[in-house]
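# Reading the structure
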Amino acid sequence: MIGYLRLVSQNHTVVEAHPEHPHPDLRLTKPFPELVEFCDSIKLDGLSKKDHSHIPWLVLLYKYLQIYKSQNNGDVPTSYKQKNAFKEIIRQGILRNEDGIPEDEENFQEAIAAVNTALHETKVTSSLQVLLAHSLACEITGKSSNFWILCQALKEFIDCEGCLPLQGSIPDMTADSKTYIALQHIYKNKANQHINQMHEKANEIKLLSQGPSETITIDSVRLFCRNISNLSLVNCRSLELEFNAKTTNTQLLAHKLEDVSGNDYDVAYYVMLRAADEFYKQYNKLPGWYDDQIEADIPLLKVIVNKLLSDTGLTLTIEEDYIHEFCSYGGAEIHSIAAFMGGVAAQEIIKLITGQYKPIQNTYIYNGCTQNSLVLDL
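Read on for an overview of the structure. (Residues numbered from 1 in each chain as written. Predicted model: local features only at pLDDT ≥ 70, side-chain atom pairs only at ≥ 80, totals over all residues. Heavy atoms only, no water.)

Let's shift gears to the overall build of the protein chain. In terms of regular secondary structure, the protein chain is built from 16 helices and five strands. Projected onto its principal axes, the C-alpha positions of the protein chain cover 90 × 65 × 40 Å. A total of 378 residues make up the protein chain; the buried ones form 43% of that total. A fraction of 69% describes how many contacts in the protein chain between residues 6 or more apart in sequence connect residues 24 or more apart. Here the protein chain displays about 20500 Å² of accessible surface, and carbon together with sulfur accounts for 51% of that area. (Helix = DSSP H or I, 4+ residues; strand = E, 2+ residues; numbered from the N terminus. Buried < 20%, exposed > 50% of the residue type's maximum accessible area, 1.4 Å probe, protein only. Contact = heavy atoms within 4.5 Å. Areas by Shrake-Rupley, 256 points an atom, 1.4 Å probe, with all protein chains shown as cover.)

To continue, consider the nonpolar core. Nonpolar side chains tend to gather and get buried jointly when the protein is soluble and globular. Leu58 and Leu61 are the most contacted members of the largest nonpolar core, which has 37 residues in total. Where this core is concerned, the elements lending two or more residues are helix 1 (33-40), helix 3 (57-71), helix 4 (80-91), helix 5 (106-118) and helix 9 (177-208). With residues up to four places along the chain from it excluded, the contact list for Leu61 reads Leu28, Phe86, Ile90, Ala111, Ala114, Val115 and Ala118. In terms of nonpolar packing, the next biggest core, distinct from the first, is built from 30 residues, Leu309, Ile318, Cys327 and Leu378 among them. (Core = buried A, V, L, I, M, F, W, Y, C linked by side-chain atoms within 4.5 Å.)

Here we come to the side chain of Ser144. Within the secondary structure layout, Ser144 lies in the loop between helix 7 (135-138) and helix 8 (146-161). Relative accessible area serves as the criterion here: at 15%, Ser144 is assigned to the buried category. Beyond its immediate stretch of four places on either side in the chain, Ser144 contacts Glu139 and Ile149.

To continue, consider the packing of aromatic side chains. Taken as a whole and judged by the stated rule, the model has 10 aromatic pairs. Judged by centre distance (5.8 Å) and plane angle (70°), the rings of Tyr68 and Phe86 are edge-to-face. Placement of Tyr68 in helix 3 and of Phe86 in helix 4 is noted, with a sequence separation of 18 residues between them. Phe86 matches Tyr68 in its accessibility class, with the two residues each being buried. Among the aromatic side chains, those forming a connected cluster through ring pairs are Tyr269, Tyr322, Phe326 and Tyr329. (Phe/Tyr/Trp six-rings, centres within 6.5 Å; stacked < 30°, edge-to-face > 60°.)

On to a nonpolar patch on the surface, then. Together, Tyr4, Val8, Leu239 and Phe243 make up an exposed nonpolar region whose accessible area comes to about 340 Å². Relative to the helices and strands, Phe243 resides in helix 11 (residues 239-243). Residue Phe243 is classed as partly exposed on the basis of its relative accessible area, which comes to 40%. (Patch = residues over 30% accessible without salt bridge, like charges linked within 9 Å, V, L, I, M, F, W, Y side chains within 5 Å. Salt bridge = Lys/Arg side-chain N within 4 Å of Asp/Glu carboxyl O.)

What follows concerns helix 5. The end-to-end C-alpha distance of helix 5 is 17 Å, a good match for the 18 Å that 13 residues give at a rise of 1.5 Å each. The sharpest bend along helix 5 measures roughly 30° and falls at Ile112. Here the buried face of helix 5 lies against helix 2 (49-52), helix 3 and helix 4. (Expected span 1.5 Å × (residues − 1). Bend = angle between axes of the 7 residues up to and from the residue.)

Next up on the list: the sheet that holds strand 4 (residues 363-367). Spatially, 1-4-5 is the arrangement adopted by the three strands of the open sheet, whose pairing is antiparallel. Whereas interior strands pair on both sides, the edge strands pair on one side only; in this sheet they are strand 1 (2-6) and strand 5 (372-376). Sheet twist, expressed as the average angle between the axes of neighbouring strands with direction ignored, equals 15°. Two strands pair when backbone bridges link them, and strand 4 and strand 5 are joined in this way by five bridges, in the antiparallel orientation. Bridge pairing links Asn367 to Asn372 in strand 5. Taken strand by strand, helix 16 (residues 335-354) contacts strand 1 and strand 4, and its axis lies near 20° from that of strand 1. (Pairing = 2+ DSSP bridges. Axes fitted to C-alpha atoms, helices over the stretch in contact; angles between N-to-C directions.)

Next up, the structure:
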């Protein structure tokens, strides 16, 4: 009931990673001038109840963030305690009725709920720094793909502007149509400004590279900028490096094997699969292939497993049950597992072809008995 998949791909770039929980790029911690001007133009004092309850929560966060910063040496709330203090400042802004009871203002509740995500600072992440420092991003040639040309354009943009290009979209929120549309336009116009800058830089780089005459389209640049926080590069190690005892990721293997009671111990199946391959090389059959030789194959397989581990410098052992299980298995292919793994393989192929979603990193193990999956970068 075990499935195994190995992906080998070099320098596979991903633009549309489709993260499950993306952070909105609102720049509230470092607002751009157009946003500051718009938010400052809205005065909360003297508004009617209807107008007060339809101020976008994004504007509310900006305004009350200025109050918080004035009380905390210009710092932005980052810790749990600080964010709770900031939420309390927002609550104090809710209108109250004649009895002093807070009104039901949905926009303020949205602002409080958004504190944990909306104040996320848009910055160059460590993974993006690694990508921009890659040799393919630093040494553009006539054969360089548009992705790497855009990466170099991004480096120049960051050096010039001191920030990442704005993504340009805002989430839905309680607001009157006029104010919300105006806010949308502010973000969209600023994003288009950044996109045009990136587009110009990218095509200048492409021209200097003396590559193909086709220019990089504005749509390609827009897609790149919208997904800039989730750009990634997948570099799977070669099978030669993985199967070489001196170059395999011994540390990861040892760490997983030490977790005997956890799901990570499914790595033992990886060791068993490697041992089964070696068994086949030596005996021209899979362990337990013949029913009358199962018991005889167990000690032979155990010797191979122990040698495989010792060759990689590991003093750990595989539990006996796994060796007995593999010999009883006898190389059988269960149709349900084969169907599932076929689906996984097809999914990973689609990721590679389309450049969307991040594919698995190297090795995938599926345990059909527990329905657990394990990805190993060995």
